[in-house]
Amino acid sequence: RTYADTTKIGNLVVPSMGIGTISWSGKDLTTLENVELQFLIKEAVSSDAAFFDTAERYGSNAKTALGLGWGETEQILQQSLKAVGVSVDHENSKLKPVIATKFTPSPWRNTKESVVKACEESRRRLGVDQIDLYQLHMPDIV
């Protein structure tokens, strides 16, 4: 049974509603809040609304300001999906979530190689073979 409306981005079918992860940073996965987060993930997946939006840049504010918190919410998403038994394997999962993440460019991080490296690092943190939707985040307008 399907609850969520969908839209297409290229060939990718995406639920019209999703869950943003920017506020997940700095969380301890053993806290009640993360038990609730895991409940939210289960409900999203069971209602076909499993579209998760994250970014390499999302991390606790203090860490990110110092350049240390990068990828924190990607890791939390991967750990939370695993904790509730949701596979991110495209081939073998009926309840496959759609995962979107983002690359944040900067004047010193704007080459093809830096994008590829960042994508590989995000893929590793997310525990996926491929990222469903990879986007440019906060482009440098200078």
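Residues numbered from 1 in each chain as written. Predicted model: local features only at pLDDT ≥ 70, side-chain atom pairs only at ≥ 80, totals over all residues. Heavy atoms only, no water.

Time to look at the overall build of the chain. When helices and strands are tallied, the chain shows four helices and six strands. The helix and strand sequence of the chain, counted from the amino end, reads β-β-β-α-β-α-α-β-α-β. Across the chain, every contact between residues at least 6 apart in sequence was considered, and the portion connecting residues at least 24 apart equals 66%. Of the roughly 8600 Å² of accessible surface on the chain, a fraction of 54% belongs to carbon and sulfur atoms. (Helix = DSSP H or I, 4+ residues; strand = E, 2+ residues; numbered from the N terminus. Contact = heavy atoms within 4.5 Å. Areas by Shrake-Rupley, 256 points an atom, 1.4 Å probe, with all protein chains shown as cover.)

Time to look at the confidence of the model for the chain. Low-confidence regions, as indicated by low pLDDT, have predicted coordinates that should not be scrutinised in detail. When the pLDDT values of the chain are averaged, the result is 81; 77% of them are 70 or greater. Of all the helices and strands in the chain, helix H2 (residues 61-65) carries the lowest mean pLDDT, 60, while helix H4 (residues 112-126) carries the highest, 95. (pLDDT = per-residue confidence, 0-100.)

Right, let's get into the sheet that holds strand E3 (residues 19-20). A sheet is described by the order of its strands in space; here four strands give the open sequence E3-E4-E5-E6, paired in parallel fashion. This sheet does not close on itself; its edge strands, each paired only once, are E3 and strand E6 (133-136). Alignment of strand E4 (residues 51-53) against strand E5 (residues 98-103), held across three bridges, turns out to be parallel. Bridge pairing links Asp53 to Ala100 in E5. Its contacts with the sheet place H4 against E5 and E6, and it is angled at close to 140 degrees to E5. (Pairing = 2+ DSSP bridges. Axes fitted to C-alpha atoms, helices over the stretch in contact; angles between N-to-C directions.)

Turning our attention to the nonpolar core. Core analysis: the largest hydrophobic core is formed by 18 residues, its most contacted members being Trp24, Ile41, Phe52, Leu77, Leu81 and Ile99. Counting only elements with at least two residues in this core, the list comes to helix H1 (32-46) and helix H3 (72-83). No other element matches H1, which puts four residues into this core. In contact with Leu77, other than residues within four places in its own chain, are Trp24, Phe52, Thr54, Ile99 and Leu126. The next biggest cluster of nonpolar side chains, apart from the first, holds six residues, and it includes Leu12, Phe51, Val98 and Leu133. (Core = buried A, V, L, I, M, F, W, Y, C linked by side-chain atoms within 4.5 Å. Buried < 20%, exposed > 50% of the residue type's maximum accessible area, 1.4 Å probe, protein only.)

Considering the arrangement of structural elements, one finds Lys102 in strand E5. Judged by its relative accessible area of 8%, Lys102 falls in the buried class. Only 3.3 Å separates the side chain of Lys102 from the side chain of Tyr58, close enough to count as a polar contact. Apart from the residues within four sequence positions on either side, Lys102 is in contact with Asp53, Thr54, Ala55, Glu56, Tyr58, Tyr134, Gln135 and His137. (Polar contact = N/O pair within 3.5 Å; in protein donor to acceptor, adjacent residues only side chain to side chain.)

With that settled, consider the environment of Ile19. Within the fold, Ile19 resides in strand E3. A relative accessible area of 14% places Ile19 in the buried class. When sequence neighbours within four positions are dropped, the list of residues in contact with Ile19 reads Trp24, Leu40, Ala44, Phe51, Phe52 and Asp53.

Under the counting rule described, the total for this entry stands at five salt bridges. Taking the shortest distance from any N to any O, the salt bridge between Asp53 and Lys102 comes out at 2.9 Å. One end of the pair, Asp53, is in strand E4; the other, Lys102, is in strand E5, and 49 residues separate them in sequence. (Salt bridge = Lys/Arg side-chain N within 4 Å of Asp/Glu carboxyl O.)

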